[in-house]
Amino acid sequence: MTAALRAFPLPPTLGLVLGSLVLACLAAAAFWVVRRWVPLDSWERRFLTRLLAVALAVRVLGALVVYYKLPYGYFAPDANAYIKEANDWVFRGDHNIMALMSSHLWGYIVIALIGVFDHPLLPNLLACLAGTFATVPAYLLARRLGAGRYAAWTALIVVFYPSTILWSIIDVKDAPVYLVVFLAFLVLFQIEDTPWPDLALVFLGLVLGIHMLRQFADTVMLVAGLAALMAVGVREASRRAPRAVAAAGSLLVLGVLVAPLVFRSATERVYARLGLPHLAVTRHNFAEGARSAVDPDPGLQTFHGALAFFPKALVNFWLRPFPWEHGAATSQLTRPEMLLWYCLIPIVLIGIVRALRDHPLRTVPLLVYVAVASTGYAYVISNLGTAFRERDQLLMVLFVFVGPAAAVAVPRIRGLLHASRGPGPVPMPTDVRGARAARVARKPETPVPCRRLTAAP
C-alpha cells in the first residue's frame, strides 16, 4: 500500500495545488448536485447557492489562517494524531494496524491525502467542504418540520455558528459527522412517510458510516431509528384504541419513575449487572490532566448516586463553561458563543413545541437522539473542553428547530410592527379624473347663506 501511494512523489507545493484542484472539482460537483437534484424552488436554490459559496469562502480563509498562523493541532490535539499516523504509515512504513483501526474512516482519508498529495493542509480543506454542505440536509430537515422558507434561519445558524466553523476548518472528523447524521435523519423521515426496504438499507449504510467516523453516535442513531418506528406503531394503534394507548403510556412512565424508588436493591443489582459503575472510572480518566475538569468522582458507582448527579451533569454539559468562569486562554474564546447559545435556547424550545404539535413523528427521533447522546456525554465527560466539542454535534441537531420557531415568530413580529405603525397614508389615485374627484371629496362643503324671505310691498 505504501508503494502504491508513494509511486509518484510530489513536491509539497505541487501536491497542494493538485490536491486543491481535486477538492475544487469535488466542490463544483456538490454545487451541481444541490442545484440539479435537490428539490428546491428557484428562490431556495438561489439562496442556498449564495449561502454555500459564502460559507465555503469563510471556511477556506479560516483554514488558511489557522494552518499558517497557529501550531498544527492548536485547537484539537487529535489533528496531530491523524497526521502522525499518516506519516508513519506512508513514509516510515510503520503499519500500526491497531492505531489505524482506532482512527476509523477519517484516518484512512487523511492517509490517502497525505500519501497522494503530501500536504497536511488538504484534510483541513476537505473538512471545510463537509462542514459547508452539511447545511443542505439541515435546511431540508427544517423544511420537513414545517418551516417552509423560514428554514433559511436554520441554514444561517448552522453555517455561521462559531464552533461549527472552527471544527470544520481543522483536521478533525466533526464536520463529516454533521453531514452523515443529517443525511441519516433525512432518510429516516422518508422511511416514516414511505417505509421502503431500500430506504432501510440506505439508513443502515449511513449508520455504518457514522460508526466508522465516531463511536457511540452510531448506537444513538440506531436508538433514534427504533424510536421512529415505535412512534409510527403508536400512531397506528392510537387510531384504533386511543384510550388504551394513552393508559399504557401513562402506566409505563409511572412505572419507570416509581420502580427505582420502590425496588432499590433490585435496581442496584441491575445497574451493576449492566456494568454501569464503570462510568465512574471513565469519567475519572477524562479528568486526569485536564485543567477544566469538573466533578471527577460524583458517585456513579451506584444507581441512586448517578440519579442524584443527573441534573448537575446536564447543567455541566449544556450550559458550561459559564461566561464568568476563568480558564485557559482557549477557554476564553468560548464566552461569546456561550452567550449566543443562551439566547438561542428559548428559540429552540419554541421550535420544538411547534414541531411536536405539527409533525410529532418526525420530531421524536431528533429529540431521542439529543436526549440519549446528551445523557451519555453528561455522565462520562468531566472535561469542559471535551464537553464543549461533543455538545456541538447535538447543537447542530437542535438548530434544525430554529426554522420552525422562525415560522412562528417572524410573522407575529411583523404583524406587531405593522400594528404599531398604524394605517398608512391613503394612496393617491393615478388618473386625473380620480385625483380631481378625490380633491372634491376631501374639500369641505361651504354653507350656503340663507336669506329671509319677506312679502313684497
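Bear in mind the structure is a predicted one, so any value in this text is a computation, not a measurement.

J.: Quick question: what am I supposed to make of the overall build of the chain here?
T.: Looking only at helices and strands, the chain features 21 helices and zero strands. The buried share of the chain, reckoned over its 457 residues, is 42%. Of the contacts formed within the chain by residues at least 6 apart in sequence, a portion of 74% connects residues at least 24 apart. Carbon and sulfur atoms make up 70% of the accessible area of the chain, which totals about 25000 Å².

J.: Just to check I follow, could you spell out helix α11 (residues 197–213) for this structure?
T.: Structurally, the α-helix is built with 3.6 residues per turn, so residues lying three or four positions apart point the same way. For α11, which comprises 17 residues, the first-to-last C-alpha distance of 25 Å matches the rise-based estimate of 24 Å (1.5 Å per residue) to within 8%. Residues Leu 199, Phe 203, Leu 206, Val 207, Gly 209, Ile 210 and Leu 213 constitute the buried set of α11. Viewed end-on, α11 has its buried residues packed into an arc of 155°, placing them on one side of the element. When the buried face of α11 is taken as reference, the exposed residues oriented beyond 90 degrees from it are Pro 197, Asp 198 and Leu 201.

J.: Please explain unusual backbone geometry as it appears in this structure.
T.: Among all residues save glycine, negative phi is the norm, and among peptide bonds the norm is trans. Omega for the bond connecting Arg 320 with Pro 321 falls within 30 degrees of zero, at 5°, which places this linkage in the cis form. Located in the positive-phi region is Asp 118, a residue other than glycine, with phi close to 60°. By secondary structure assignment, the location of Asp 118 is in the loop between α5 (97–117) and α6 (121–133). We note that Asp 295 has phi near 50°; this positive angle belongs to a residue other than glycine. Tracing the backbone through its elements, the reader meets Asp 295 in the loop between α15 (278–287) and α16 (303–319). Taking the relative accessible area as the measure of exposure, Asp 295 reaches 23% and is therefore partly exposed.

J.: Can you help me understand the nonpolar core in this one?
T.: Side chains that are nonpolar tend, in soluble globular proteins, to be buried together. Counting 116 residues, the largest nonpolar core has Tyr 139, Phe 185, Met 221, Trp 341, Tyr 369, Leu 398 and Phe 399 as the members making the most contacts within it. Sorting elements by how many residues they give to this core places helix α10 (residues 174–193) first, with 13 residues. Those residues in contact with Leu 398 that sit more than four places away from it in its chain are Trp 318, Trp 341, Val 348, Ile 352 and Val 370.

J.: Can you walk me through the packing of aromatic side chains in this structure?
T.: For any pair of aromatic rings, geometry is given as the distance between the ring centres together with the angle between the planes. This model, assessed by the stated rule, comprises 16 aromatic pairs. Ring centres of Phe 31 and Phe 133 lie 5.2 Å apart, and the angle between their planes is 80°; this geometry places the pair in the edge-to-face category. Here Phe 31 is found in helix α2 (residues 12–36), whereas its partner Phe 133 is found in helix α6, with 102 residues between them in sequence. Taking the centre distance of 4.9 Å and the plane angle of 90° together, the rings of Tyr 67 and Tyr 68 count as edge-to-face. Take Tyr 68: its relative accessible area is 52%, and that puts it in the exposed class. Ring pairs connect the aromatic residues Tyr 161, Phe 216, Phe 317, Trp 318, Trp 341, Tyr 377 and Phe 399, which therefore count as one cluster. Here the basic side chain of Arg 389 rests over the ring of Trp 167, its NZ or CZ set 5.2 Å away from the ring centre.

J.: What is the right way to look at the side chain of Thr 154 in this model?
T.: For Thr 154, the position within the fold is in helix α8 (residues 151–160). Discounting residues that sit within four places of it in the chain, Thr 154 has contacts with Ala 138, Ala 142, Phe 399, Val 400, Val 402 and Gly 403.

J.: Just to check I follow, could you spell out the pattern of salt bridges for this structure?
T.: Opposite charge on two side chains permits pairing when their charged atoms draw close. Tallying each qualifying case throughout the model produces nine salt bridges. Here Asp 174 ties to Arg 214 by a salt bridge, and the two come within 3.4 Å at their closest N and O atoms. Of this pair, Asp 174 sits in helix α10 while Arg 214 is found in the loop between α11 and α12 (217–240), placing the two residues 40 residues apart along the sequence. When sorted by exposure, Asp 174 lands in the same class as Arg 214, which is buried. Between Arg 214 and Glu 390 there is a salt bridge, with its nearest N and O atoms 3.6 Å apart. Here Arg 214 is found in the loop between α11 and α12, whereas its partner Glu 390 is found in helix α19 (residues 384–398), with 176 residues between them in sequence. Sharing partners across several salt bridges, the network here consists of Asp 78, Asp 174, Arg 214, Arg 389 and Glu 390.

J.: What is the right way to read helix α3 (residues 42–69) from this model?
T.: Relative to the 40 Å expected for 28 residues at 1.5 Å per residue, α3 spans 40 Å between its end C-alpha atoms, a close match to the ideal helical length. Here α3 has its buried residues at Glu 44, Phe 47, Leu 48, Thr 49, Leu 51, Leu 52, Ala 55, Leu 56, Arg 59, Gly 62, Ala 63 and Val 66. For α3, the N-terminal cap is Asp 41; the gap from its side-chain oxygen to the backbone nitrogen of Trp 43 is 3.2 Å.

J.: Explain the side chain of Thr 49 to me, please; I cannot follow it from the model alone.
T.: Secondary-structure assignment places Thr 49 in helix α3. Contact partners of Thr 49, with chain neighbours within four places excluded, come to Phe 31 and Arg 35.

J.: Explain the packing of α15 against helix α18 (residues 360–380) here, please?
T.: The relative placement of two packed helices comes down to the angle between their axes together with the axis-to-axis distance. Two elements in contact, α15 and α18, have axes separated by 8 Å at closest approach and are oriented at 70°. Between α15 and α18, the angle is such that the two are roughly perpendicular. Along its contact with α15, which presents Leu 279, Thr 282, Arg 283 and Phe 286, the element α18 presents Ala 378, Tyr 379 and Val 380. Across the contact of α15 with α18, the residue classes break down as five nonpolar, one polar and one charged.

J.: How should I be thinking about the environment of Pro 176 in this particular structure?
T.: Within the element layout of this structure, Pro 176 appears in helix α10. Excluding residues within four positions of it along the chain, Pro 176 makes contact with Trp 106, Ala 130 and Leu 213.

J.: When you look at a nonpolar patch on the surface in this model, what are you seeing that I'm missing?
T.: Judged by side-chain polarity, Val 54, Val 58, Trp 153, Leu 156 and Phe 160 come together as a nonpolar surface patch covering roughly 410 Å² of accessible area. Those elements that place two or more of their residues in the nonpolar patch are α3 and α8. Here the nonpolar patch gets three residues from one element, more than from any other, and that element is α8. Its place among the elements puts Phe 160 in helix α8.

J.: Could you clarify how one ought to interpret the packing of α6 against α10 in this entry?
T.: As a packed pair, α6 and α10 sit with axes 8 Å apart at the nearest point and diverge in direction by 30°. In this structure, α6 meets α10 at a crossing whose hand is left-handed. In contact with Ala 127, Ala 130, Gly 131 and Phe 133 of α6, α10 contributes Ala 175, Pro 176 and Leu 179. Taken together, the residues of the contact of α6 with α10 sort by class into six nonpolar, one polar and no charged.

What counts, and where the lines are drawn
- Residues numbered from 1 in each chain as written.
- Predicted model: local features only at pLDDT ≥ 70, side-chain atom pairs only at ≥ 80, totals over all residues.
- Heavy atoms only, no water.
- Helix = DSSP H or I, 4+ residues; strand = E, 2+ residues; numbered from the N terminus.
- Buried < 20%, exposed > 50% of the residue type's maximum accessible area, 1.4 Å probe, protein only.
- Contact = heavy atoms within 4.5 Å.
- Areas by Shrake-Rupley, 256 points an atom, 1.4 Å probe, with all protein chains shown as cover.
- Expected span 1.5 Å × (residues − 1).
- Arc of directions from axis to C-beta.
- Core = buried A, V, L, I, M, F, W, Y, C linked by side-chain atoms within 4.5 Å.
- Phe/Tyr/Trp six-rings, centres within 6.5 Å; stacked < 30°, edge-to-face > 60°.
- Lys NZ or Arg CZ within 6 Å of the ring centre and 35° of its normal.
- Salt bridge = Lys/Arg side-chain N within 4 Å of Asp/Glu carboxyl O.
- Polar contact = N/O pair within 3.5 Å; in protein donor to acceptor, adjacent residues only side chain to side chain.
- Axes fitted to C-alpha atoms, helices over the stretch in contact; angles between N-to-C directions.
- Parallel < 35°, antiparallel > 145°, perpendicular 65-115°, else oblique.
- Nonpolar A, V, L, I, M, F, W, Y, C, P; charged D, E, K, R; others polar.
- Patch = residues over 30% accessible without salt bridge, like charges linked within 9 Å, V, L, I, M, F, W, Y side chains within 5 Å.
- Left-handed = near helix turned anticlockwise from the far one by under 90°.

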